[in-house]
Every structure is written in C-alpha cells, then in structure tokens.
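Secondary and tertiary structure notes
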Amino acid sequence: MKTLGLSDVIGPIMVGPSSSHTAGALRIAYMARRLCLAEPKTVEFRLLGSFAHTLTGHGTDKALVAGMLGLAADDLRIRDSFQLAGDAGLAFSFVTLPDAEYDHPNTIDMHIVDAAGNAMSVRGESIGGGAAVIRKIDDIDVRITGESTSIVVRQRDETGVLAHIAQSISDEGVNIATTRMYRERKGDIAYTVLETDQEVDGAAKAAIEDHPAILDVRVIPGDARPGCGSVDAPDAEEALQRFAEADFGTGAALLAWCEKHGTTLSEAFLAREAALAESLGYADRSLAYLHETLDVMKCAAQRPIDEALPSMGGLIGGEARKLADLRERDGELCDDQLSCAIAYAMAVLETNASMGRIVAAPTAGSSGVLPGVLLALQRTRGLSDGDLARGLAAAAAIGYLITRNATVSGAEGGCQAEIGSAAAMAAAASVELMGGAPAQCLDAASNALTNMMGLVCDPIAGLVEEPCQKRNAAGAAVALVSAQIALAGIGNLVDFDQTVEAMRKVGRTLPFELRESALGGIAAAPTACAYCPGCN
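Residues numbered from 1 in each chain as written. Predicted model: local features only at pLDDT ≥ 70, side-chain atom pairs only at ≥ 80, totals over all residues. Heavy atoms only, no water.

- The protein chain is annotated in an unreviewed UniProt entry as L-serine dehydratase from Eggerthella lenta.
- Taken verbatim from the UniProt record of the protein chain, the Pathway (unreviewed entry) comment is "Carbohydrate biosynthesis; gluconeogenesis." (UniProt positions renumbered as here; feature names shortened; annotations may be inferred.)

Encoded structure:
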C-alpha cells in the first residue's frame, strides 16, 4: 500500500467535478492505455456500482475517454475529450451495468482493441482521491496502482522465467521494490507485475523480452510526487529510520510528536513529508507545492465571483456572484469573515461543477471548504500566503489521519467523509493560524467531524452540484464554529482518534443509496428526480 503524503490529501490538482468519478476514472483509463501494446482504437467502457448511476453527472464519460487519450487529470481539454477522440480515431462506447457484481463500489471494466488488432479486457477501481487500482487483466487477478513504475509481463508459466525477468532488470541498474506473479492455472498464461524504484527504459524492456516464454512487456510510469526531483540516494536504512520516527499513525501519536519536539501541527506534518521524500530519494519541495495549490485555490474561488460559471448539469451557476451582490448591498446576515468563507466555498464548487481546475482537499466534492475558510481568514485577518501555506500543512495532518484510519470517499462513507473531513481539516488549520495549541487543533477537528457525523452523500441527478455546493458553505461555517469552541479551551469527552473511528463505523452502516449513488436522500425527492435523465 502506498505511503500517504501531502499530495494525497491536499490534491490532486485536477479538473472537476469528482475526485473519485472524474480523476479516478481518468486514472483507470490512463493505466489501461499504458497496458496496450499499440495505440488503442476501440474501447467499450462497462460501468458498475456507483459509476453505473453517475456516468455523465460526474464527467466520468469525458474523463474515461481523456484517460484513454493519455491526458493528465488537470488538463482542461478533458472537457473536449469526445472531440479529441474523434480527431485521434478512437471509437468508444459506454454500457451501464447497475446490477452486475463487483468488489468495490467504483468499478469499471474496459474491453480494448488496439491498432495492431490486440484485444484486452481490464478491470479498474477508483479508490478515492483520484487514485486507482487495476484489478484484472484478461480475467486474471492483478494489482497495479501506478504509484511506482510498474512492469507488467505476460508470459508462459515456465521454470526460470521469473529469474530471467529479475536478472534483466538488475543488469540495467534498476532496483525491484515488489514482485508478484498472477496465474489461473499452473503451466498456463501468467502475469508478473513488478514495481521498481527507478524509471525503466527501453533497454530493460528489450532485455526482458529476450526470452522465448515472454509474450509481451508493458511499462506504466509511476506517479511523480509534485514538485519533487530526485537527489543522490541517502543511506537507505538511516532514511527509513528517520521516516519511521517522523511518521504518526494516530492523533495521539501526532500530539506526542508535537510535544516532544515543540512543534505545531504544520511543522510536524512537514517534518514527516521531508522524511518521506528523503526515504524515497526525492528532494523535498513541499512548500513549493503548497504555494502551487494555494494559487489554484485562489483562482477557483475568485473567478465565479467575477463571472457566473454555468455547470455541466445546469443545476448551479451564478450563486457566488449573487452572494457578492448581497455583500455589496450591505444585506449580509453573517459577519464579514463568515460571509467571505461562504462565498469562496460556493465559488470553488461552481468552478468544480463547470469542469474547471481545482484542488481536491481532500476530495473534489468538498474542495470549497478549506479554501473558503483560509481565504476568508486572509481577507479579514491580514494573513500572508506563507501563513495560508502553513494552514494547508496543518489541514493535511488531519486529512492524512482521516484518510489513513477511515475514508474521505463519499462512495464509501457518505458526505460525512467528504464535507466532514474537509471541515475538520479547515477547523484545525484555523486554530493553528489563530495561535492555538496542537491539542486544540485536534479538538476543533473532532468538533467538526462530530457535527457532520452521519451526513449522507445524495447528489441530485448524480451531479456534484446540488446539495454539494451549499454543503461546502455549511462545512466552512462548521469549521469556523468548531475552531472557535476549541480556541476557547472547551475540550471534548471523546478524543480525535475515537471520533474518526466512530465516523468510519457510521459510514459502513450507511446503505448504498446514501453513498453517492444518487438513489436516496434529497436526490430521491420527487422534484429532484425530475432532473435525473434516468428517471424520466
């Protein structure tokens, strides 16, 4: 399993509207493209689970085609992927299978034929936050994440083949991180999947192919950590030891680290990130990445205030401008800080719903809460961009713990896992920026999670628009309320770790209809059903 880092929590930078159903879907198709032996020419996408109910509403269809074309998750051309596919000679079709069996609620099967006539079936799962896993190739179970460079070898199951593969890679100076072989029956066709610590060039691929039992070799480049470049490899054992000391898996461990080293939440998380980068052989560029995400957040929050952005589904657009008009007329009910937070949070969701570029924090559907709060604090408290970057790091510490110990996916845990987590992150960041202690930051995060506990995910017509936009605004308000309670020195009877565990358990008990399927909650109200093409 991948070790979570900064960009897994504050990120990815992506085109909206959904981290699981847009960025994650694109990632599945992108990895499937890399598994092709020639340029893909036809592909049938078969959508299972929640994907079967939210195909167009989350831009999943456009994202899948974009991934098959090799586009990145933050490429604004995703909006035009159908036209780009036509220009590239890629034929595609979609089949929704809401009653088919699946292991994960976000599952896609693909049948691909490439330019050389090779046919291949691939099953992928979107596991949250834009990440994805390939689970099957031609009905053989595999596990390919693309987090590190992956080599996928199709071979006849014969003695000595695995040794040949390992030797070929070693001879090219590439270190193998993991190796797994998958097969249906002894002596039949098998797949060997290797993850490596370095990139794999054509020489290594050719060396592997130089064996009669090797049928073909595919290479999937690994994810590059944003802003990171390679450095001279440190002493591996010492680097891993430093990361083990800096890593914290619970809120209690985080507080213990802060107390031992006299640090804030943001300092503790940035120390962990630096140690993680060193252990992976990267230069740490965390602060540069935080400023990059802050720039994207600012653009996403400001443009809809200047001009109304119509959404993909047509349910929202212009709300942020209306809030700005209300402020200009002195008609606000809330104070300036809360009014700003509401407007910015709703503006980001407007950008998201129009397939604009946003930062998932921790998801696209909840991407307005954190920038809404931080940008409001900057406007009303005179905070610098450096302060906001520090706030983002504090928020990342909370988001990391929730992601690690529960979930931030609406399809797995309901909207409490998305808006609730975002509110917890923003609450902790607010406390740190106002001079609160680390323990108060965790108290604020617990308050937010408690107040959002049980919130269902019920997007009308399967669109990340309504009630998502208003819930981002509400999440920003909950974050500020939760932070103020904690700053007053009011503690909690239940600590942060137990609150996260309670949220995880509640999410598991929510029925499928209340976890991003658009089949329950407000999405099932008669008026809401009128907006759903499948209900008419």
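Quick look at helix H3 (residues 60-69)
- With respect to burial, H3 is a largely interior element, eight of its 10 residues being buried.
- All of the buried residues in H3 are Thr60, Asp61, Ala63, Leu64, Val65, Ala66, Gly67 and Met68.
- On its buried face, H3 sits against helix H2 (19-35), strand E2 (40-49), helix H4 (81-88), strand E3 (91-97) and strand E4 (106-114).
- Within two residues after H3, glycine 70 carries a phi angle of roughly 90 degrees, on the positive side. (Buried < 20%, exposed > 50% of the residue type's maximum accessible area, 1.4 Å probe, protein only. Helix = DSSP H or I, 4+ residues; strand = E, 2+ residues; numbered from the N terminus. Contact = heavy atoms within 4.5 Å.)

Quick word on the packing of aromatic side chains
- In this structure the tally under the stated criterion is six aromatic pairs.
- Ring geometry for phenylalanine 45 versus phenylalanine 94: centroids 5.4 Å apart, planes at 20 degrees, classification stacked. Pair noted here: phenylalanine 45 is in strand E2 and phenylalanine 94 is in strand E3, with a separation of 49 residues, a long-range link.
- Its relative accessible area of 0% is what places phenylalanine 45 among the buried residues.
- On the basis of an interplanar angle of 35 degrees and a centroid distance of 6.3 Å, the ring pair of phenylalanine 82 and phenylalanine 94 is categorised as tilted. Placement of phenylalanine 82 in helix H4 and of phenylalanine 94 in strand E3 is noted, with a sequence separation of 12 residues between them. (Phe/Tyr/Trp six-rings, centres within 6.5 Å; stacked < 30°, edge-to-face > 60°.)

Brief notes about the domain arrangement of the protein chain
- Examined at the domain level, the protein chain breaks down into domain 1 (14-143), domain 2 (147-221) and domain 3 (283-528).
- Between the C-alpha centres of domain 1 and domain 3 there is a distance of 28 Å.
- At the interface, 26 residues of domain 1 touch 23 residues of domain 3.
- Together, the buried faces of domain 1 and domain 3 total about 1,900 Å²; carbon and sulfur atoms form 57% of this surface.
- Put simply, domain 1 and domain 3 have zero salt bridges between them.
- Joining domain 1 to domain 3, the criterion identifies nine residue pairs in polar contact (both at pLDDT 80 or more).
- Elements supplying a minimum of two residues to the side of domain 1 that touches domain 3: strand E1 (13-15) and H2. (Domains from an automatic or database assignment. Buried area = accessible area lost by both parts, 1.4 Å probe. Salt bridge = Lys/Arg side-chain N within 4 Å of Asp/Glu carboxyl O. Polar contact = N/O pair within 3.5 Å; in protein donor to acceptor, adjacent residues only side chain to side chain.)

Re the UniProt feature "domain: ACT" (unreviewed entry) in the protein chain
- In this numbering, the UniProt entry assigns the feature "domain: ACT" (unreviewed entry) to residues 150-222.
- Overall, residues 150-222 shows 26% helix and 41% strand. The separation of its end C-alpha atoms is 7 Å.

So, unusual backbone geometry
- Here the residue pair glycine 11 and proline 12 is connected by a cis peptide bond, since its omega of 5 degrees sits within 30 degrees of zero.
- Looking at where proline 12 falls in the secondary structure, it is placed in the loop between helix H1 (6-9) and E1.
- A cis amide bond links glycine 16 to the next residue, proline 17, at an omega of 15 degrees.
- Along the chain, proline 17 turns up in the loop between E1 and H2.
- Even without glycine at this site, methionine 355 takes up a positive phi of about 60 degrees.
- Structurally, methionine 355 is set in the loop between helix H12 (336-353) and strand E12 (357-359).

As for the environment of leucine 388
- Positionally, leucine 388 belongs in helix H14 (residues 385-405).
- Along the primary structure leucine 388 and leucine 374 are separated by 14 residues, whereas in three dimensions their C-alpha atoms are 6.4 Å apart.
- For leucine 388, the residues in contact, after removing those within four places along its chain, are Leu294, Leu374, Leu375, Gln378, Leu383 and Leu433.

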